[in-house]
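# Tertiary structure, described
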Amino acid sequence: MVVELVAYGGVNEIGGNKFLLHDRERNVRVLLDFGTSFQRYGAFFNEYLQPRTARGLLDALALGLIPPIPQLYRRDLYQDEWWEHVPQVTHLPDDPPVHGLLLSHGHRDHFGDVAYLREDLPIITTPITAAILRVMQVTGQSRFDTQWTHFRPRRWDEKGISQAQRQGSLYYRPFQLLTTAALPEGFLHWWRTWPADLDAPVPQSFPGEVAGLPVRWWPVDHSVPGGVAFALKTSIGWVAYTGDLRFHGAQAEHSRALMEDWANLGVAVLLCEGTRLDGYTHNPITEDQVRENALNLAKKAAGRLVVADFAPRNVERLVSFWHIARETDRRLALQPKDVALLEALAPLDPTFDQVLKDEKHVVMYDDPKAMRYKWEKPLYQGTWSKRTVTHREVARTPGEYILCFSLWDVNDLLDLPAGARQDGVYLYANSRAYDEEQAVDLQRLRNWIRHLGMTMYGDPDDPHTPRLHTSGHAYPQDLVDFVCQVRPRVLVPIHTEQPRLWVDLLKGTGIQIRFLHHGTSWVHGTSFKGR
Ligand SMILES: [Zn+2]
(Lines give C-alpha, C1' and ligand atoms only; values in the text may rest on other atoms or scores of the structure.)
Protein backbone atom coordinates (compact mmCIF):
# COMPACT_ATOMS: atom_id res chain seq x y z
CA MET A 1 0.00 0.00 0.00
CA VAL A 2 1.50 3.29 -1.05
CA VAL A 3 -1.06 5.91 -0.18
CA GLU A 4 -3.46 5.48 2.64
CA LEU A 5 -6.58 7.55 3.23
CA VAL A 6 -8.59 7.37 6.38
CA ALA A 7 -11.92 9.15 6.82
CA TYR A 8 -12.46 10.28 10.38
CA GLY A 9 -15.54 12.18 9.26
CA GLY A 10 -17.18 13.47 6.10
CA VAL A 11 -18.34 10.13 4.68
CA ASN A 12 -22.01 9.13 4.75
CA GLU A 13 -22.73 12.53 6.27
CA ILE A 14 -22.84 16.15 5.19
CA GLY A 15 -19.80 17.86 6.64
CA GLY A 16 -17.51 16.88 9.48
CA ASN A 17 -14.73 16.41 6.90
CA LYS A 18 -11.60 14.94 8.49
CA PHE A 19 -9.35 12.98 6.17
CA LEU A 20 -5.86 11.76 6.87
CA LEU A 21 -3.77 11.11 3.80
CA HIS A 22 -0.53 9.18 4.24
CA ASP A 23 1.92 8.84 1.39
CA ARG A 24 3.81 5.84 2.74
CA GLU A 25 6.53 5.97 0.14
CA ARG A 26 7.53 9.50 1.13
CA ASN A 27 6.26 9.15 4.67
CA VAL A 28 4.24 12.35 4.56
CA ARG A 29 0.93 12.73 6.35
CA VAL A 30 -1.53 15.51 5.58
CA LEU A 31 -4.91 16.29 7.05
CA LEU A 32 -7.66 17.43 4.68
CA ASP A 33 -9.91 19.62 6.81
CA PHE A 34 -10.67 18.97 10.46
CA GLY A 35 -14.32 19.88 10.78
CA THR A 36 -16.93 19.25 13.41
CA SER A 37 -19.37 16.47 12.61
CA PHE A 38 -22.68 17.97 13.63
CA GLN A 39 -24.34 14.64 13.04
CA ARG A 40 -22.08 12.75 15.46
CA TYR A 41 -21.98 15.65 17.89
CA GLY A 42 -25.79 15.90 17.82
CA ALA A 43 -26.09 12.18 18.51
CA PHE A 44 -24.72 12.82 22.00
CA PHE A 45 -25.08 16.51 22.80
CA ASN A 46 -27.56 19.36 22.69
CA GLU A 47 -27.71 22.94 23.91
CA TYR A 48 -27.72 21.86 27.55
CA LEU A 49 -25.64 18.70 27.45
CA GLN A 50 -22.22 19.64 26.13
CA PRO A 51 -18.66 18.32 26.29
CA ARG A 52 -17.17 19.19 29.68
CA THR A 53 -14.57 21.93 29.38
CA ALA A 54 -13.09 20.91 32.73
CA ARG A 55 -12.03 17.59 31.24
CA GLY A 56 -10.31 18.89 28.13
CA LEU A 57 -10.54 16.48 25.23
CA LEU A 58 -11.79 13.50 27.23
CA ASP A 59 -15.42 13.67 26.15
CA ALA A 60 -14.68 14.17 22.45
CA LEU A 61 -12.11 11.35 22.49
CA ALA A 62 -14.14 8.86 24.49
CA LEU A 63 -17.18 9.41 22.26
CA GLY A 64 -15.17 9.03 19.09
CA LEU A 65 -15.89 12.56 17.86
CA ILE A 66 -12.22 13.08 16.99
CA PRO A 67 -9.56 10.64 15.77
CA PRO A 68 -8.00 8.48 18.54
CA ILE A 69 -4.47 9.62 17.72
CA PRO A 70 -2.60 11.07 20.71
CA GLN A 71 0.04 12.80 18.60
CA LEU A 72 -2.54 15.00 16.90
CA TYR A 73 -3.56 17.11 19.86
CA ARG A 74 -2.58 20.02 22.04
CA ARG A 75 -0.59 18.53 24.90
CA ASP A 76 -2.39 20.65 27.52
CA LEU A 77 -5.80 19.17 26.64
CA TYR A 78 -5.36 15.51 27.56
CA GLN A 79 -3.85 13.27 30.20
CA ASP A 80 -1.91 10.14 29.39
CA GLU A 81 -4.09 7.73 31.34
CA TRP A 82 -7.09 8.63 29.21
CA TRP A 83 -6.02 6.58 26.28
CA GLU A 84 -7.43 3.65 28.21
CA HIS A 85 -10.88 5.25 27.85
CA VAL A 86 -10.53 5.49 24.12
CA PRO A 87 -11.19 2.55 21.81
CA GLN A 88 -8.53 1.59 19.25
CA VAL A 89 -5.89 4.18 19.90
CA THR A 90 -3.49 4.72 17.02
CA HIS A 91 0.02 5.86 17.80
CA LEU A 92 1.76 7.52 14.92
CA PRO A 93 5.46 6.59 14.95
CA ASP A 94 6.87 9.71 13.34
CA ASP A 95 7.82 13.15 14.50
CA PRO A 96 6.14 15.30 13.40
CA PRO A 97 3.26 12.85 13.07
CA VAL A 98 1.38 15.03 10.57
CA HIS A 99 3.03 17.63 8.36
CA GLY A 100 0.17 20.00 7.65
CA LEU A 101 -3.55 20.67 7.57
CA LEU A 102 -5.05 21.71 4.25
CA LEU A 103 -8.09 23.76 5.22
CA SER A 104 -10.61 24.26 2.42
CA HIS A 105 -12.90 27.00 3.76
CA GLY A 106 -14.35 28.85 6.73
CA HIS A 107 -17.33 26.67 7.67
CA ARG A 108 -17.32 24.83 10.97
CA ASP A 109 -18.06 21.46 9.43
CA HIS A 110 -14.58 21.86 7.89
CA PHE A 111 -12.55 23.67 10.55
CA GLY A 112 -14.48 23.32 13.83
CA ASP A 113 -12.15 20.84 15.56
CA VAL A 114 -8.94 22.63 14.57
CA ALA A 115 -8.89 24.09 18.08
CA TYR A 116 -7.84 20.68 19.45
CA LEU A 117 -4.88 20.19 17.15
CA ARG A 118 -1.31 20.45 18.35
CA GLU A 119 0.01 23.95 18.25
CA ASP A 120 2.89 23.35 15.82
CA LEU A 121 0.76 21.87 13.04
CA PRO A 122 0.89 24.23 10.03
CA ILE A 123 -2.55 25.36 8.85
CA ILE A 124 -2.53 25.88 5.11
CA THR A 125 -5.43 28.02 3.95
CA THR A 126 -6.39 31.28 2.27
CA PRO A 127 -5.98 34.66 4.02
CA ILE A 128 -9.78 35.05 3.92
CA THR A 129 -10.36 31.73 5.69
CA ALA A 130 -7.68 32.54 8.27
CA ALA A 131 -9.39 35.89 8.89
CA ILE A 132 -12.78 34.20 9.29
CA LEU A 133 -11.33 31.84 11.91
CA ARG A 134 -9.83 34.75 13.84
CA VAL A 135 -13.06 36.79 13.74
CA MET A 136 -15.19 33.82 14.74
CA GLN A 137 -12.90 32.96 17.62
CA VAL A 138 -12.76 36.51 18.96
CA THR A 139 -16.42 37.45 18.48
CA GLY A 140 -17.84 34.09 19.57
CA GLN A 141 -18.08 32.41 22.94
CA SER A 142 -14.74 32.13 24.64
CA ARG A 143 -14.10 28.39 25.03
CA PHE A 144 -11.05 26.24 24.43
CA ASP A 145 -12.82 24.42 21.61
CA THR A 146 -13.14 27.64 19.61
CA GLN A 147 -9.48 28.62 19.84
CA TRP A 148 -8.77 28.18 16.17
CA THR A 149 -6.02 30.77 15.68
CA HIS A 150 -4.46 31.42 19.10
CA PHE A 151 -4.70 30.25 22.68
CA ARG A 152 -3.18 30.36 26.12
CA PRO A 153 -2.23 26.82 27.25
CA ARG A 154 -4.44 25.39 30.00
CA ARG A 155 -3.25 23.76 33.20
CA TRP A 156 -4.37 20.63 35.06
CA ASP A 157 -4.97 21.12 38.76
CA GLU A 158 -4.44 18.39 41.37
CA LYS A 159 -8.06 17.22 41.02
CA GLY A 160 -7.62 16.65 37.31
CA ILE A 161 -9.57 19.70 36.26
CA SER A 162 -8.45 21.62 33.21
CA GLN A 163 -8.07 25.27 34.19
CA ALA A 164 -7.90 28.25 31.87
CA GLN A 165 -4.91 30.53 32.47
CA ARG A 166 -5.31 34.30 32.48
CA GLN A 167 -1.59 34.99 32.58
CA GLY A 168 1.21 33.77 30.39
CA SER A 169 1.96 34.15 26.75
CA LEU A 170 -0.44 33.41 23.96
CA TYR A 171 0.38 30.72 21.44
CA TYR A 172 -0.27 31.57 17.80
CA ARG A 173 -0.92 28.73 15.39
CA PRO A 174 1.43 28.70 12.40
CA PHE A 175 -0.60 29.68 9.35
CA GLN A 176 0.77 29.23 5.85
CA LEU A 177 -1.39 31.38 3.64
CA LEU A 178 -2.30 30.57 0.05
CA THR A 179 -1.53 33.63 -2.00
CA THR A 180 -0.21 34.36 -5.45
CA ALA A 181 1.04 37.85 -4.58
CA ALA A 182 2.45 39.57 -1.52
CA LEU A 183 -0.14 39.79 1.25
CA PRO A 184 -1.61 43.32 1.47
CA GLU A 185 -0.12 45.49 4.22
CA GLY A 186 -3.59 46.26 5.56
CA PHE A 187 -4.29 42.58 6.08
CA LEU A 188 -0.92 41.89 7.67
CA HIS A 189 -1.44 44.75 10.09
CA TRP A 190 -4.91 43.49 10.95
CA TRP A 191 -3.67 39.94 11.46
CA ARG A 192 -0.89 41.04 13.79
CA THR A 193 -2.93 43.42 15.90
CA TRP A 194 -6.64 42.53 15.94
CA PRO A 195 -8.05 42.55 18.51
CA ALA A 196 -5.88 44.99 20.39
CA ASP A 197 -4.44 42.53 22.92
CA LEU A 198 -2.84 40.38 20.21
CA ASP A 199 0.70 40.51 18.97
CA ALA A 200 0.61 37.77 16.35
CA PRO A 201 3.58 36.89 14.18
CA VAL A 202 3.50 37.66 10.47
CA PRO A 203 1.93 34.66 8.72
CA GLN A 204 4.05 32.79 6.20
CA SER A 205 3.08 32.21 2.62
CA PHE A 206 2.56 28.59 1.60
CA PRO A 207 5.71 27.33 -0.17
CA GLY A 208 3.78 24.99 -2.50
CA GLU A 209 4.73 21.74 -0.80
CA VAL A 210 4.17 19.90 2.46
CA ALA A 211 7.31 18.05 3.56
CA GLY A 212 8.36 17.68 -0.06
CA LEU A 213 4.89 16.68 -1.32
CA PRO A 214 3.76 19.15 -4.00
CA VAL A 215 0.35 20.69 -3.27
CA ARG A 216 -1.64 22.94 -5.58
CA TRP A 217 -4.78 24.90 -4.80
CA TRP A 218 -7.63 26.54 -6.70
CA PRO A 219 -10.28 29.05 -5.59
CA VAL A 220 -13.83 27.68 -5.78
CA ASP A 221 -17.33 29.10 -5.67
CA HIS A 222 -19.05 28.41 -2.34
CA SER A 223 -21.34 30.25 0.09
CA VAL A 224 -18.42 31.60 2.08
CA PRO A 225 -15.60 33.62 0.49
CA GLY A 226 -12.05 32.27 0.47
CA GLY A 227 -12.89 28.64 -0.32
CA VAL A 228 -10.37 26.46 -2.18
CA ALA A 229 -9.90 22.96 -3.57
CA PHE A 230 -6.56 21.13 -3.29
CA ALA A 231 -4.60 18.56 -5.23
CA LEU A 232 -1.57 16.67 -3.87
CA LYS A 233 1.01 15.02 -6.08
CA THR A 234 1.42 11.72 -4.25
CA SER A 235 3.28 8.52 -5.11
CA ILE A 236 0.15 7.22 -6.88
CA GLY A 237 -0.52 10.46 -8.78
CA TRP A 238 -2.68 13.47 -8.09
CA VAL A 239 -5.11 13.13 -5.23
CA ALA A 240 -7.68 15.91 -5.53
CA TYR A 241 -10.02 17.23 -2.85
CA THR A 242 -12.94 19.51 -3.75
CA GLY A 243 -13.84 20.87 -0.31
CA ASP A 244 -17.33 22.30 -0.90
CA LEU A 245 -18.17 23.86 -4.23
CA ARG A 246 -20.91 24.93 -6.61
CA PHE A 247 -21.29 26.25 -10.13
CA HIS A 248 -24.12 28.77 -9.74
CA GLY A 249 -22.84 31.44 -7.33
CA ALA A 250 -21.21 34.79 -8.01
CA GLN A 251 -17.78 33.10 -8.35
CA ALA A 252 -18.93 30.24 -10.56
CA GLU A 253 -16.12 30.88 -13.05
CA HIS A 254 -13.63 29.70 -10.39
CA SER A 255 -15.29 26.30 -10.17
CA ARG A 256 -15.37 26.01 -13.94
CA ALA A 257 -11.67 26.85 -14.19
CA LEU A 258 -10.98 24.19 -11.59
CA MET A 259 -12.86 21.64 -13.68
CA GLU A 260 -10.74 22.43 -16.73
CA ASP A 261 -7.47 22.37 -14.83
CA TRP A 262 -8.22 19.06 -13.17
CA ALA A 263 -9.30 17.55 -16.47
CA ASN A 264 -5.81 18.39 -17.78
CA LEU A 265 -4.02 17.39 -14.59
CA GLY A 266 -4.93 13.70 -14.73
CA VAL A 267 -6.44 13.00 -11.35
CA ALA A 268 -5.83 9.55 -9.84
CA VAL A 269 -8.18 9.89 -6.90
CA LEU A 270 -10.92 12.50 -6.54
CA LEU A 271 -12.58 13.19 -3.23
CA CYS A 272 -15.72 14.95 -4.36
CA GLU A 273 -18.49 16.52 -2.32
CA GLY A 274 -22.04 15.42 -3.08
CA THR A 275 -24.23 17.38 -0.69
CA ARG A 276 -27.05 17.90 -3.15
CA LEU A 277 -26.83 14.56 -4.94
CA ASP A 278 -30.08 13.45 -3.38
CA GLY A 279 -32.09 15.30 -6.02
CA TYR A 280 -32.72 18.94 -5.32
CA THR A 281 -36.19 19.22 -6.79
CA HIS A 282 -36.46 22.98 -7.30
CA ASN A 283 -35.09 24.58 -10.40
CA PRO A 284 -31.60 25.88 -9.89
CA ILE A 285 -31.51 29.49 -8.79
CA THR A 286 -28.50 31.80 -8.87
CA GLU A 287 -27.34 34.49 -6.46
CA ASP A 288 -28.34 37.11 -9.05
CA GLN A 289 -31.92 35.81 -8.97
CA VAL A 290 -31.89 35.88 -5.18
CA ARG A 291 -30.80 39.51 -5.29
CA GLU A 292 -33.49 40.31 -7.86
CA ASN A 293 -36.24 38.68 -5.77
CA ALA A 294 -35.12 40.43 -2.59
CA LEU A 295 -34.84 43.75 -4.42
CA ASN A 296 -38.42 43.49 -5.68
CA LEU A 297 -39.69 42.76 -2.18
CA ALA A 298 -37.73 45.66 -0.73
CA LYS A 299 -39.10 48.00 -3.40
CA LYS A 300 -42.67 46.95 -2.65
CA ALA A 301 -42.05 47.56 1.05
CA ALA A 302 -41.43 51.29 0.52
CA GLY A 303 -41.87 53.22 3.75
CA ARG A 304 -41.83 50.07 5.87
CA LEU A 305 -39.12 48.23 7.78
CA VAL A 306 -37.12 45.51 6.01
CA VAL A 307 -35.20 42.83 7.90
CA ALA A 308 -32.61 40.71 6.06
CA ASP A 309 -31.77 37.35 7.64
CA PHE A 310 -28.79 35.53 6.14
CA ALA A 311 -25.98 33.30 7.38
CA PRO A 312 -23.28 35.31 9.17
CA ARG A 313 -20.34 34.45 6.90
CA ASN A 314 -22.32 34.53 3.68
CA VAL A 315 -20.60 37.77 2.70
CA GLU A 316 -21.78 37.33 -0.88
CA ARG A 317 -25.35 37.62 0.42
CA LEU A 318 -24.35 40.65 2.47
CA VAL A 319 -23.03 42.26 -0.69
CA SER A 320 -26.35 41.45 -2.41
CA PHE A 321 -28.24 43.27 0.32
CA TRP A 322 -25.81 46.17 0.12
CA HIS A 323 -26.74 46.53 -3.57
CA ILE A 324 -30.42 46.41 -2.58
CA ALA A 325 -29.85 49.09 0.05
CA ARG A 326 -28.28 51.34 -2.58
CA GLU A 327 -31.01 50.76 -5.12
CA THR A 328 -33.81 51.39 -2.62
CA ASP A 329 -31.92 54.18 -0.86
CA ARG A 330 -31.96 52.48 2.50
CA ARG A 331 -29.26 51.96 5.07
CA LEU A 332 -28.02 48.45 5.72
CA ALA A 333 -27.67 48.10 9.51
CA LEU A 334 -25.02 45.47 10.25
CA GLN A 335 -24.32 43.66 13.49
CA PRO A 336 -20.92 44.46 15.07
CA LYS A 337 -19.76 40.92 14.17
CA ASP A 338 -20.47 41.60 10.49
CA VAL A 339 -18.54 44.85 10.70
CA ALA A 340 -15.58 43.11 12.35
CA LEU A 341 -15.53 40.52 9.56
CA LEU A 342 -15.80 43.14 6.82
CA GLU A 343 -12.92 45.10 8.33
CA ALA A 344 -10.78 41.96 8.23
CA LEU A 345 -11.70 41.10 4.65
CA ALA A 346 -11.65 44.61 3.18
CA PRO A 347 -7.87 44.67 2.52
CA LEU A 348 -8.19 41.33 0.70
CA ASP A 349 -11.12 42.10 -1.60
CA PRO A 350 -12.02 45.47 -3.16
CA THR A 351 -15.78 44.71 -3.08
CA PHE A 352 -15.78 44.31 0.69
CA ASP A 353 -13.73 47.49 0.96
CA GLN A 354 -16.33 49.34 -1.09
CA VAL A 355 -19.14 48.09 1.17
CA LEU A 356 -17.24 49.15 4.24
CA LYS A 357 -16.54 52.64 2.90
CA ASP A 358 -20.12 53.31 1.82
CA GLU A 359 -21.05 55.53 4.74
CA LYS A 360 -24.32 56.53 3.12
CA HIS A 361 -25.73 53.01 2.94
CA VAL A 362 -23.89 50.98 5.57
CA VAL A 363 -24.26 51.55 9.31
CA MET A 364 -23.84 49.49 12.47
CA TYR A 365 -26.80 48.57 14.66
CA ASP A 366 -26.29 49.58 18.27
CA ASP A 367 -28.49 47.33 20.35
CA PRO A 368 -29.15 48.38 23.93
CA LYS A 369 -27.15 46.07 26.12
CA ALA A 370 -25.56 46.52 29.50
CA MET A 371 -22.07 45.42 28.58
CA ARG A 372 -20.02 45.44 25.44
CA TYR A 373 -17.49 42.80 24.57
CA LYS A 374 -13.87 43.86 24.61
CA TRP A 375 -13.51 43.50 20.84
CA GLU A 376 -16.59 45.70 20.23
CA LYS A 377 -15.39 48.72 22.18
CA PRO A 378 -12.92 50.05 19.58
CA LEU A 379 -15.68 49.84 16.96
CA TYR A 380 -18.01 52.05 18.98
CA GLN A 381 -15.22 54.46 19.85
CA GLY A 382 -13.52 54.60 16.48
CA THR A 383 -14.70 55.40 12.98
CA TRP A 384 -17.98 53.57 13.52
CA SER A 385 -19.00 55.79 16.43
CA LYS A 386 -20.61 58.15 13.90
CA ARG A 387 -22.08 55.32 11.85
CA THR A 388 -24.27 53.61 14.45
CA VAL A 389 -28.04 53.60 14.61
CA THR A 390 -30.17 52.78 17.62
CA HIS A 391 -33.70 51.45 17.86
CA ARG A 392 -34.90 55.03 18.45
CA GLU A 393 -33.61 56.17 15.09
CA VAL A 394 -35.03 53.12 13.33
CA ALA A 395 -38.38 53.72 15.06
CA ARG A 396 -38.55 57.25 13.64
CA THR A 397 -38.07 56.22 10.00
CA PRO A 398 -38.29 52.41 9.69
CA GLY A 399 -38.60 52.66 5.91
CA GLU A 400 -35.02 53.93 5.67
CA TYR A 401 -33.41 50.73 6.93
CA ILE A 402 -32.60 47.14 6.16
CA LEU A 403 -31.74 45.50 9.48
CA CYS A 404 -29.41 42.50 9.28
CA PHE A 405 -31.00 40.38 11.98
CA SER A 406 -31.55 36.68 12.54
CA LEU A 407 -33.43 34.54 15.05
CA TRP A 408 -30.64 35.30 17.54
CA ASP A 409 -31.31 39.07 17.35
CA VAL A 410 -35.04 38.98 16.68
CA ASN A 411 -35.84 39.95 20.28
CA ASP A 412 -34.18 43.32 19.59
CA LEU A 413 -37.16 44.07 17.35
CA LEU A 414 -39.22 44.36 20.54
CA ASP A 415 -37.40 47.65 21.14
CA LEU A 416 -39.35 49.11 18.23
CA PRO A 417 -42.86 50.36 18.95
CA ALA A 418 -45.57 48.27 17.29
CA GLY A 419 -46.19 50.96 14.67
CA ALA A 420 -42.56 50.90 13.49
CA ARG A 421 -42.50 47.18 12.76
CA GLN A 422 -46.14 46.74 11.71
CA ASP A 423 -46.36 45.44 8.13
CA GLY A 424 -42.59 45.23 7.99
CA VAL A 425 -41.01 42.69 5.72
CA TYR A 426 -38.80 39.86 6.99
CA LEU A 427 -36.62 38.41 4.24
CA TYR A 428 -35.50 34.93 5.23
CA ALA A 429 -32.48 34.36 2.98
CA ASN A 430 -31.31 31.08 4.50
CA SER A 431 -31.35 27.39 3.78
CA ARG A 432 -34.06 25.02 4.85
CA ALA A 433 -33.91 23.27 8.22
CA TYR A 434 -31.61 20.25 8.01
CA ASP A 435 -32.53 18.65 11.32
CA GLU A 436 -35.22 18.69 13.99
CA GLU A 437 -33.56 21.39 16.07
CA GLN A 438 -33.28 23.71 13.09
CA ALA A 439 -36.92 22.99 12.23
CA VAL A 440 -37.94 23.95 15.76
CA ASP A 441 -35.89 27.16 15.52
CA LEU A 442 -37.47 28.01 12.19
CA GLN A 443 -40.92 27.57 13.74
CA ARG A 444 -39.85 29.88 16.59
CA LEU A 445 -38.80 32.48 14.07
CA ARG A 446 -42.18 32.25 12.33
CA ASN A 447 -43.88 32.77 15.71
CA TRP A 448 -41.79 35.87 16.33
CA ILE A 449 -42.46 37.35 12.92
CA ARG A 450 -46.19 36.78 13.19
CA HIS A 451 -46.28 38.21 16.70
CA LEU A 452 -44.33 41.29 15.59
CA GLY A 453 -46.91 41.97 12.86
CA MET A 454 -44.40 41.44 10.07
CA THR A 455 -44.59 39.33 6.91
CA MET A 456 -42.07 36.61 6.18
CA TYR A 457 -40.76 35.93 2.68
CA GLY A 458 -38.41 33.17 1.62
CA ASP A 459 -39.77 30.58 4.05
CA PRO A 460 -38.13 27.40 2.71
CA ASP A 461 -41.25 25.36 3.50
CA ASP A 462 -43.57 27.66 1.55
CA PRO A 463 -43.60 26.74 -2.16
CA HIS A 464 -45.37 29.99 -3.10
CA THR A 465 -42.97 32.53 -1.58
CA PRO A 466 -40.26 34.18 -3.70
CA ARG A 467 -37.02 32.24 -3.29
CA LEU A 468 -34.37 34.10 -1.34
CA HIS A 469 -31.67 31.48 -1.00
CA THR A 470 -29.42 29.54 -3.29
CA SER A 471 -27.51 26.49 -2.14
CA GLY A 472 -23.80 26.63 -1.34
CA HIS A 473 -23.46 23.27 -3.07
CA ALA A 474 -23.44 22.12 -6.67
CA TYR A 475 -26.63 20.76 -8.17
CA PRO A 476 -26.62 17.08 -9.22
CA GLN A 477 -26.12 17.68 -12.93
CA ASP A 478 -23.23 20.08 -12.29
CA LEU A 479 -21.60 17.47 -10.05
CA VAL A 480 -21.93 14.73 -12.64
CA ASP A 481 -20.57 17.02 -15.38
CA PHE A 482 -17.69 17.95 -13.13
CA VAL A 483 -16.67 14.38 -12.33
CA CYS A 484 -17.07 13.28 -15.94
CA GLN A 485 -14.87 16.14 -17.13
CA VAL A 486 -12.18 15.54 -14.52
CA ARG A 487 -12.31 11.78 -15.19
CA PRO A 488 -10.43 10.52 -12.14
CA ARG A 489 -9.41 6.87 -12.00
CA VAL A 490 -11.20 6.60 -8.68
CA LEU A 491 -13.94 8.71 -7.15
CA VAL A 492 -14.27 8.82 -3.37
CA PRO A 493 -17.72 10.19 -2.48
CA ILE A 494 -17.60 12.58 0.48
CA HIS A 495 -19.87 15.14 2.17
CA THR A 496 -23.07 13.32 1.22
CA GLU A 497 -25.60 11.17 3.02
CA GLN A 498 -26.20 9.15 -0.13
CA PRO A 499 -22.85 8.21 -1.69
CA ARG A 500 -24.39 5.22 -3.51
CA LEU A 501 -26.27 7.59 -5.83
CA TRP A 502 -22.95 7.98 -7.66
CA VAL A 503 -23.17 4.39 -8.88
CA ASP A 504 -26.03 5.08 -11.28
CA LEU A 505 -24.90 8.59 -12.10
CA LEU A 506 -21.48 7.38 -13.29
CA LYS A 507 -22.61 4.17 -14.98
CA GLY A 508 -20.68 3.48 -18.14
CA THR A 509 -18.00 6.10 -17.50
CA GLY A 510 -15.38 3.62 -16.33
CA ILE A 511 -14.73 5.69 -13.23
CA GLN A 512 -14.30 3.43 -10.21
CA ILE A 513 -16.04 4.42 -7.02
CA ARG A 514 -14.49 3.69 -3.66
CA PHE A 515 -16.79 4.05 -0.67
CA LEU A 516 -15.09 4.92 2.58
CA HIS A 517 -16.63 4.25 5.96
CA HIS A 518 -16.29 6.41 8.98
CA GLY A 519 -13.27 4.97 10.76
CA THR A 520 -12.33 6.29 14.14
CA SER A 521 -9.19 4.20 14.05
CA TRP A 522 -6.63 3.02 11.55
CA VAL A 523 -7.84 -0.54 12.02
CA HIS A 524 -11.50 0.03 11.19
CA GLY A 525 -11.15 3.02 8.96
CA THR A 526 -11.33 1.87 5.37
CA SER A 527 -8.15 2.80 3.65
CA PHE A 528 -7.61 3.32 -0.02
CA LYS A 529 -5.16 1.10 -1.83
CA GLY A 530 -3.51 3.01 -4.63
CA ARG A 531 -2.61 1.58 -8.00
ZN1 LIG B 1 -19.30 21.52 4.23
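All chains considered together, the criterion is met by 18 aromatic pairs. A centroid spacing of 5.5 Å and a plane angle of 90° characterise the contact between Trp82 and Trp156, whose relative ring orientation is edge-to-face. Placement of Trp82 in the loop between α2 (58-62) and β4 (100-102) and of Trp156 in strand β7 (residues 155-156) is noted, with a sequence separation of 74 residues between them. Ring geometry for Phe247 versus Phe482: centroids 5.7 Å apart, planes at 50°, classification tilted. Here Phe247, found in the loop between β15 (237-241) and α6 (252-265), pairs with Phe482, found in helix α15 (residues 476-486); they are 235 residues apart in sequence, far enough to count as distant. Assigned by exposure class, Phe247 and Phe482 land together as buried.

It is worth spelling out the pairing of strand β17 (residues 306-309) at this point. Where burial is concerned, the two faces of β17 agree: the one with Val306 and Ala308 and the one with Val307 and Asp309 are both buried. One ladder, built from 3 bridges, connects β17 with strand β21 (residues 401-404); its direction is parallel. Residue pairing in the sheet places Val307 in a bridge with Leu403 of β21. With 4 bridges connecting them, β17 and strand β22 (residues 425-428) associate as parallel partners. Looking at β22, one finds that Val306 is bridged to Val425.

Moving on to the coordination of the zinc ion. Ideal geometry at a metal centre gives angles of 109.5 degrees when four donors are arranged tetrahedrally and 90 or 180 degrees when six donors are arranged octahedrally. Summarising the metal site, the zinc ion is bound by the protein donors Asp109 (OD), His110 (NE2), Asp244 (OD) and His495 (NE2), whose distances to it range over 2.1 to 2.2 Å. What the 4 donor atoms of the zinc ion show is an angle range of 87 to 164° at the metal, which sorts the shape as irregular. Sequence spacing of the donor residues for the zinc ion, all on one chain, is D-H-x133-D-x250-H. Here His110 is found in helix α3 (residues 108-111), whereas its partner Asp244 is found in the loop between β15 and α6, with 134 residues between them in sequence.

Here we take up the nonpolar core. Grouped together as the largest cluster of nonpolar side chains are 93 residues, with contacts concentrated most on Leu31, Leu57, Tyr73, Leu101, Phe321 and Leu332. It is helix α4 (residues 127-139) that contributes the most residues to this core, 8 residues altogether. Non-local contacts of Leu101, meaning those with residues more than four positions away in its chain, are made with Leu31, Leu32, Asp33, Phe34, Val114, Leu117, Leu121, Pro122, Ile123 and Ile124. With 29 residues, the next largest nonpolar core counts Val30, Leu102, Leu213 and Leu516 among its residues.

What follows is about the environment of Met456. Structurally, Met456 is set in strand β23 (residues 455-457). What makes Met456 buried here is its relative accessible area of 17%. Each C-alpha atom, one on Met456 and one on Leu427, is 6.1 Å from the other, the two residues being 29 residues apart in sequence.

Next up on the list: the pattern of salt bridges. With the rule as written, the count across this model stands at 22 salt bridges. One salt bridge connects Glu4 with Arg24, and the closest N-O pair in it is separated by 2.5 Å. Taken together, the residues Glu4 in strand β1 (residues 3-7) and Arg24 in the loop between β2 (18-23) and β3 (28-34) connect sequence positions 20 residues apart. Taking the relative accessible area as the measure of exposure, Glu4 reaches 6% and is therefore buried. Within the structure, one salt-bridge network assembled from shared partners comprises Asp221, Arg246 and Glu316.

Once that is clear, we can look at the packing of α4 against helix α9 (residues 336-345). Running from N to C, α4 and α9 cross one another at 150°; their axes reach a closest spacing of 10 Å. When the interaxial angle is binned, α4 and α9 end up roughly antiparallel. Once α4 is placed against α9, the crossing between them reads as right-handed. Residues Ile128, Ala131, Ile132, Val135 and Thr139 of α4 touch α9, and the partners they reach there are Lys337, Ala340, Leu341, Ala344 and Leu345. Each residue belonging to the contact of α4 with α9 can be placed in one class, and the counts come to 8 nonpolar, 1 polar and 1 charged.

The rules behind the values
Residues numbered from 1 in each chain as written. Predicted model: local features only at pLDDT ≥ 70, side-chain atom pairs only at ≥ 80, totals over all residues. Heavy atoms only, no water. Phe/Tyr/Trp six-rings, centres within 6.5 Å; stacked < 30°, edge-to-face > 60°. Helix = DSSP H or I, 4+ residues; strand = E, 2+ residues; numbered from the N terminus. Buried < 20%, exposed > 50% of the residue type's maximum accessible area, 1.4 Å probe, protein only. Pairing = 2+ DSSP bridges. Donors = N, O, S within 2.8 Å, 3.2 Å for Na, K, Ca; no water. Tetrahedral: all angles 85-135°; square planar, octahedral: opposite > 155°, others 65-115°. Core = buried A, V, L, I, M, F, W, Y, C linked by side-chain atoms within 4.5 Å. Contact = heavy atoms within 4.5 Å. Salt bridge = Lys/Arg side-chain N within 4 Å of Asp/Glu carboxyl O. Axes fitted to C-alpha atoms, helices over the stretch in contact; angles between N-to-C directions. Parallel < 35°, antiparallel > 145°, perpendicular 65-115°, else oblique. Left-handed = near helix turned anticlockwise from the far one by under 90°. Nonpolar A, V, L, I, M, F, W, Y, C, P; charged D, E, K, R; others polar.

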